[in-house]
Every structure is written in structure tokens, then in C-alpha cells.
Amino acid sequence: MRYTKEIFEILSRGGFISQNSISQQRAHLYDAIEDDFQQYQEYYEGIGFLLEGGNGYYYFSRTESKVELADKIQRMIGWIDRLDFLKTFNSTFGSGFSFRKSNILEKFSSDIELKEKARHLYTDLKTNDEKMDKLIADMERQGFIELENDLDGTYKVTAAFHYIEELIDCLTIIETEQE
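Each value, and the rule that gives it
- Residues numbered from 1 in each chain as written.
- Predicted model: local features only at pLDDT ≥ 70, side-chain atom pairs only at ≥ 80, totals over all residues.
- Heavy atoms only, no water.
- Helix = DSSP H or I, 4+ residues; strand = E, 2+ residues; numbered from the N terminus.
- Rg over C-alpha atoms; globule rule 2.2 N^0.38 Å.
- Buried < 20%, exposed > 50% of the residue type's maximum accessible area, 1.4 Å probe, protein only.
- Patch = residues over 30% accessible without salt bridge, like charges linked within 9 Å, V, L, I, M, F, W, Y side chains within 5 Å.
- Areas by Shrake-Rupley, 256 points an atom, 1.4 Å probe, with all protein chains shown as cover.
- Salt bridge = Lys/Arg side-chain N within 4 Å of Asp/Glu carboxyl O.
- Axes fitted to C-alpha atoms, helices over the stretch in contact; angles between N-to-C directions.
- Parallel < 35°, antiparallel > 145°, perpendicular 65-115°, else oblique.
- Left-handed = near helix turned anticlockwise from the far one by under 90°.
- Contact = heavy atoms within 4.5 Å.
- Nonpolar A, V, L, I, M, F, W, Y, C, P; charged D, E, K, R; others polar.
- Pairing = 2+ DSSP bridges.

A. The overall build of the protein chain, seen in detail. A count of helices and strands for the protein chain gives eight helices and six strands. Starting at the N terminus, the α and β elements of the protein chain follow one another as α-β-α-α-β-β-α-β-α-α-α-β-β-α. Its C-alpha atoms give the protein chain a radius of gyration of 17 Å, near enough to 16 Å, the size a compact globule of 179 residues would have. Burial status across the protein chain gives 40% buried among its 179 residues.

B. The arrangement of a nonpolar patch on the surface in detail. Together, Met 1, Tyr 43 and Ile 47 make up an exposed nonpolar region whose accessible area comes to about 290 Å². What makes Ile 47 partly exposed here is its relative accessible area of 46%.

C. Focus on the packing of helix α1 (residues 4-11) against helix α3 (residues 37-45). For the pair α1 and α3, the least separation of the axes is 12 Å and the interaxial angle reads 65°. As far as their axial angle goes, α3 and α1 are roughly perpendicular. Note that α1 runs across α3; the crossing there is right-handed. Where α1 approaches α3, its residues Thr 4, Ile 7 and Phe 8 are matched on the opposing element by Tyr 40, Tyr 43 and Tyr 44. For the contact of α1 with α3, the class distribution of residues is five nonpolar, one polar and no charged.

D. Structural detail: the pairing of strand β6 (residues 154-157). Along β6, one buried face is formed by Thr 154 and Lys 156 and the opposite face, lined by Tyr 155 and Val 157, is buried too. Pairing geometry for strand β4 (residues 98-100) and β6, over three bridges, is antiparallel. Within the sheet, the bridge partner assigned to Ser 98 lies in β6 and is Lys 156. Judged from the four bridges that link them, strand β5 (residues 145-149) and β6 form a sheet pairing that is antiparallel. Residue pairing in the sheet places Asn 149 in a bridge with Thr 154 of β6. Between β5 and β6, which pair antiparallel one after the other, the connecting turn spans four residues, and Gly 153 there sits at a positive phi close to 70°.

Limitation: the analysis is restricted to geometry and does not speak to function.
Structural data, given as C-alpha cells:
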């Protein structure tokens with residue numbers, strides 16, 4: 001358990017450590033957690049964090065109050081719209097997918113549905129260019145994408161993206177069962 005500090009610095013800010021990370025350091029941290037998961041889990045539990053794993057990623061969760069939970073649900077509503085937009089851009093958008101901002105902007109000219117969905121993203125921003133900058137920054141900050149090629153602006157979707165997909169799938173299943 002040599003990497004407790006490095007892992008904590010990433011996960012405590014709401015980030016993810018993904019198996020398919022472009023960063024060799026993060027991929028190495030993923031392997032370290034996988035090798036000693038139970039020890040790391042017990043260590044972080046002692047300081048109030050729950051180390052959890054998903055399909056190729058790790059993250060922290062905590063028991064939350066009703067107020068914190070309500071705030072989290074409000075943030076999730078935004079991610080539902082973002083995921084819907086990204087899947088409209090390309091239905092295969094997911095872990096391992098590579099894209100450039102320019103690819104999305106080009107598609108606006110031929111896809112009216114994509115343009116319509118973009119109108120509902122970041123309503124405080126005016127241009128699609130600004131909206132895509134904000135979307136990319138949000139996804140990068142969360143650890144859902146990483147810059148793969150600085151020269152041409154290519155991003156790669158990490159395994160952490162499964163988290164948001166799985167969470168929204170759960171919401172869909174619950175909604176369907178209540179009908």
C-alpha cells in the first residue's frame with residue numbers, strides 16, 4: 001500500500017482511476033488498487049471514504065445526508081443531458097472511444113437532433129464552441145476523458161465513463177418498474 005496519498009488526492013476530489021488511462025501513473029495506481037483492494041478499502045474506510053470499484057475503474061463514495069443527496073441528484077440531471085448528447089453524437093461513445101472537439105462541431109451542420117440537444121446543454125453559454133469546451137472540461141475534470149494527442153486535440157474516453165452510463169441505466173430501470 002505504497003500509493004495511499006496519490007490515490008487519495010485523485011479520488012477525494014471526485015475523480016476516478018481507470019484501467020485504460022492514458023496516464024501511466026494512473027494505470028499503475030489502478031493496478032496497485034486491484035492487487036491490494038481489500039487493504040486499500042479498509043484503510044480508506046477508516047477515514048470515512050468507501051473505495052468502490054466498477055467496470056475498469058475505482059472511485060470514492062460516502063454515506064450522504066439528504067441535503068447532499070439532493071444536490072447530487074441535481075448534478076446527475078445535467079449528466080443525463082450530457083450523456084444523451086454524446087450518444088446522439090455517436091451511439092458508440094463509451095470507454096475506449098476517441099474523438100476531437102472538431103468532430104462534434106462538424107456534425108452540427110448535418111445533424112439537427114444533435115444541434116437541438118446542444119441547445120439544452122449549458123444554457124448560460126451562447127455558442128456551440130463554448131458549450132463543447134465546457135463539456136470537454138467537465139468530462140476531463142471528472143476523469144471520464146483524457147487528452148490522448150495534444151497536437152490534434154484527440155481525447156480518449158476512459159473506463160470511468162461506465163460509471164455515468166451504469167448510473168443512468170439504473171435510473172431508467174427504476175422508472176420503468178414504477179409504471
